[in-house]
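Structure at a glance
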Amino acid sequence: AVDLVESGGGTVQAGGSLKLSCDASGYTFNQWCAGWFRGTPDQPRDEREKVVIIDGDAQIQYGGAVKGRFTIPKDTSKNQLYLHMNNLSPEDSGTYYCAAGYATPYECSFGYWGRGTQVTVVT
């Protein structure tokens, strides 16, 4: 079975930075169909907001207001995916989810999700 586990969340002051990590078992991070979403635990998965993902064409897609502040490094030797967040604001607060899946011809099917890690940005 596939298991994704996020870590690194917490409370940070506005303007600060935070690094989230996603550890995977039963799944290998490669060149496509992995990334980060933001929402609440009770939201359906298809209603969670895209933060930044690697799509099925191996292109990085950014959600609104994060390009230039967030990046999505990965360490294939450790099979880990990261979200580096800089210049955080309260609008960035929420539960962050790691998601992964497989490509269809034009988009990803994100079938695997972690349970989330909370990020709270305060002034």
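Our subject is the structure that appears above.
These notes cover the structure that comes with them. (Residues numbered from 1 in each chain as written. Predicted model: local features only at pLDDT ≥ 70, side-chain atom pairs only at ≥ 80, totals over all residues. Heavy atoms only, no water.)

If you trace the backbone, Gly 111 turns up in strand E11 (residues 108–113). The class of Gly 111 is partly exposed, set by a relative accessible area of 43%. For the pair Gly 111 and Gly 39, spaced 72 residues apart in sequence, the C-alpha to C-alpha distance is 16 Å. Beyond its immediate chain neighbours, meaning those up to four positions away, Gly 111 contacts Arg 45, Ala 100 and Gly 101. (Helix = DSSP H or I, 4+ residues; strand = E, 2+ residues; numbered from the N terminus. Buried < 20%, exposed > 50% of the residue type's maximum accessible area, 1.4 Å probe, protein only. Contact = heavy atoms within 4.5 Å.)

This paragraph deals with the pattern of salt bridges. Side-chain pairing between opposite charges can occur once the charged atoms of the two side chains come close. Summed over the entire model, instances satisfying the criterion amount to two salt bridges. Linking Arg 38 and Glu 49 is a salt bridge whose minimum nitrogen-to-oxygen distance equals 3.0 Å. Of this pair, Arg 38 sits in strand E4 (residues 34–39) while Glu 49 sits in strand E5 (residues 49–54), and the two are 11 residues apart along the sequence. On the basis of relative accessible area, Arg 38 is assigned to the buried category, the value being 11%. For Arg 69, the salt bridge goes to Asp 92, with nearest N and O atoms at 2.9 Å. One end of the pair, Arg 69, is in the loop between strand E6 (60–62) and strand E7 (70–71); the other, Asp 92, is in the loop between strand E9 (80–85) and strand E10 (94–103), with 23 residues separating them in the sequence. Of the two residues, Arg 69 and Asp 92, both sit in the buried class. (Salt bridge = Lys/Arg side-chain N within 4 Å of Asp/Glu carboxyl O.)

The next thing to look at is the side chain of Glu 6. Locating Glu 6 in the fold gives a position in strand E1 (residues 3–7). This buried residue, Glu 6, is left without a salt bridge; Arg 48 holds the nearest opposite charge, at 7.2 Å. Within polar-contact distance, the side chain of Glu 6 engages the backbone nitrogen of Arg 115 at 3.2 Å. Reaching out from Glu 6, the side chain makes a polar contact with the backbone nitrogen of Gly 116 at a distance of 2.9 Å. Dropping the residues within four chain positions of it, Glu 6 is found in contact with Ser 21, Cys 22, Trp 36, Tyr 96, Tyr 97, Cys 98, Gly 114, Arg 115, Gly 116 and Thr 117. (Lys, Arg positive; Asp, Glu negative; His and termini not counted. Polar contact = N/O pair within 3.5 Å; in protein donor to acceptor, adjacent residues only side chain to side chain.)

With that out of the way, let us pick up the state of the cysteines. Across all of its chains, the model carries two disulfides by this definition. The residue that forms a disulfide with Cys 22 is Cys 98, at a sulfur-sulfur distance of 2.1 Å. Classification of the bridge connecting Cys 22 and Cys 98 rests on its S-S torsion, roughly -80°, and on that basis the disulfide is left-handed. In this pair, Cys 22 sits in strand E3 (residues 18–25) while Cys 98 sits in strand E10, placing the two residues 76 residues apart along the sequence. Across the pair, exposure class does not vary: Cys 22 and Cys 98 are buried alike. Two residues, Cys 33 and Cys 108, share a disulfide whose sulfurs are 2.2 Å apart. Around the S-S axis, the bridge from Cys 33 to Cys 108 shows a dihedral of about -90° and counts as left-handed. You can see Cys 33 sitting in the loop between E3 and E4 and its partner Cys 108 sitting in strand E11, a full 75 residues away along the chain. As far as the burial class goes, Cys 33 and Cys 108 line up, both buried. Here the disulfide map of the protein chain reads 1-3, 2-4, the bonded cysteines being numbered as they appear in the sequence. (Disulfide = S-S within 2.5 Å.)

It is worth stressing that arrangement in space is one thing and function is another; only the former is reported here.
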